[in-house]
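Survey of secondary and tertiary structure
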Amino acid sequence: MESRSADVEIASKTEAIVARLKPLEGPLLPILHDIQAEFGYVPQAALPVIANGLNLSRAEVHGVVSFYHDYREAPAGRHVIKMCRAEACQSMGGDELADRLLGLLGLDWHGTNAKRSVTIEPVYCLGLCACAPAAMVDGEVIGRLDAKMVDQLAKAVQA
């Protein structure tokens, strides 16, 4: 029963967001951004409401949510780490550092630990190519990552 009331609340808040942003040209992305800002992710219960409000199919809305890596289909952890996977970071040892961090956290890409303290996501350029390898932690960019920094980061986000 609790899930049903949560879905009703999600639908109600989603309807308000859709109504407010529907007049925009190309409103789907702004609607999805506001929904994620409201809930911390894009709940499945919001998809049919968006589709109905914009006269789209649920598949079209789902396709957009799943295409863009910034939209989450589940709540993120307290800390969000985005590791750059682009060529400049790879060429400077980013793959090894990413593997090290994944191992220290015991997670795979897009994973959130059981305590919900950290989520790790791949991104494909943070614009710090000259400072590669790079990451973003809770919205703050970090360049010139090394093994020691990765170890410290893993400890800090799991505390």
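Chains are numbered independently. Their residues run from 1 in the order of the written sequence. Per-residue local features of the predicted model are confined to residues with pLDDT of at least 70, and side-chain atom pairs are confined, for both listing and counting, to 80 or more; whole-chain, interface and lining totals are unaffected and use all residues. Think of the side-chain values as coming from all heavy atoms in the structure, minus any hydrogens and water.

**Considerations on the overall build of the protein**
Note the following rule: Counting from the N terminus, the helices are DSSP H or I runs at least four residues long and the strands are E runs at least two residues long. Using a 1.4 Å probe on the protein chains alone, a residue whose accessible area is under 20% of its type maximum counts as buried, one over 50% counts as exposed, and one in between counts as partly exposed. Whether two residues are in contact is decided by their heavy atoms, any of which lying within 4.5 Å being enough. The method behind every accessible area is Shrake-Rupley, applied with a 1.4 Å probe, and residues are considered shielded solely by the protein chains displayed. The charge count includes Lys and Arg as positive and Asp and Glu as negative, but it does not include His or the ends of the chains. Think of each charge as sitting on NZ of Lys, CZ of Arg, CG of Asp or CD of Glu.
When you go through the protein residue by residue, the secondary structure sums to 7 helices and 5 strands. Ordering the α and β elements of the protein from the N terminus gives α-α-α-α-β-α-α-β-β-β-β-α. Taken along the three principal axes of its C-alpha coordinates, the protein extends 50 × 35 × 25 Å. Looking at the protein residue by residue over its 159 residues, the buried ones come to 39%. Put simply, 59% of the contacts in the protein that link residues at least 6 apart link residues at least 24 apart. Of the roughly 9,000 Å² that the protein leaves accessible, carbon and sulfur atoms contribute 54%. With 15 positive and 20 negative side-chain charges, the protein shows a separation of 5 Å between the mean positions of the two kinds.

**Structural notes on the layout of surface pockets**
Space left empty within the atom packing is revealed by a probe, the size of a water molecule, rolled over the atoms. Rules: A 1.4 Å probe that fits but cannot get out identifies a cavity on a 1 Å grid over protein atoms alone, an open set with protein on both sides within 12 Å along at least five of seven lines counts as a pocket, and a residue lines either if it has an atom within 4 Å of a point. Grid points are joined across faces, edges and corners, and a volume is the space filled by probe spheres set on the points. In this classification, the charged set is Asp, Glu, Lys and Arg, the nonpolar set is Ala, Val, Leu, Ile, Met, Phe, Trp, Tyr, Cys and Pro, and all remaining amino acids, among them Gly, are polar.
In this model, the largest pocket occupies a volume close to 240 Å³. Residue assignment for the lining of the largest pocket shows that the elements contributing at least two residues are α4 (58-67) and β3 (118-123). Considering every element that reaches the lining of the largest pocket, the biggest residue donor is α4, with 3 residues. Tallied by class, residues from the lining of the largest pocket come to 7 nonpolar, 5 polar and 3 charged.

**Brief notes about the environment of leucine 105**
With respect to the helices, strands and loops of the structure, leucine 105 is situated in helix α6 (residues 94-105). Considering only alpha carbons, one finds leucine 105 and leucine 153, 48 residues apart in sequence, at a separation of 9.9 Å.

**Side note on α6**
Defined as follows: To estimate how far a helix should extend, the number of its residues minus one is multiplied by 1.5 Å.
Across its 12 residues, α6 extends 16 Å between first and last C-alpha, which sits within 8% of the 16 Å expected from 1.5 Å per residue. Contacts made by the buried residues of α6 are with β1 (79-84), α5 (87-91), β3 and α7 (147-158). Backbone geometry just downstream of α6 places glycine 106 in the positive-phi region, at approximately 70 degrees.

**Here we look at the sheet that holds β1**
So the rule is basically this: Paired strands, in this sense, are two strands between which DSSP finds at least two bridges. Axis definition: a line fitted to C-alpha atoms, over the contacting stretch in the case of helices. Angles run 0 to 180 degrees between N-to-C directions.
Reading across from one edge, β2-β3-β1-β4-β5 is the order of the 5 strands in this open sheet, with mixed pairing throughout. Each of the sheet's edge strands pairs with one partner strand only, and the pair in question is β2 (111-112) and β5 (140-142). Both strand β4 (residues 135-137) and β5 contribute to a ladder of 3 bridges, which runs antiparallel. Within β5, the residue paired with valine 137 across the bridge is glutamate 140. Along the sheet face, α6 touches β1 and β3 and points at about 155 degrees away from the line of β1.

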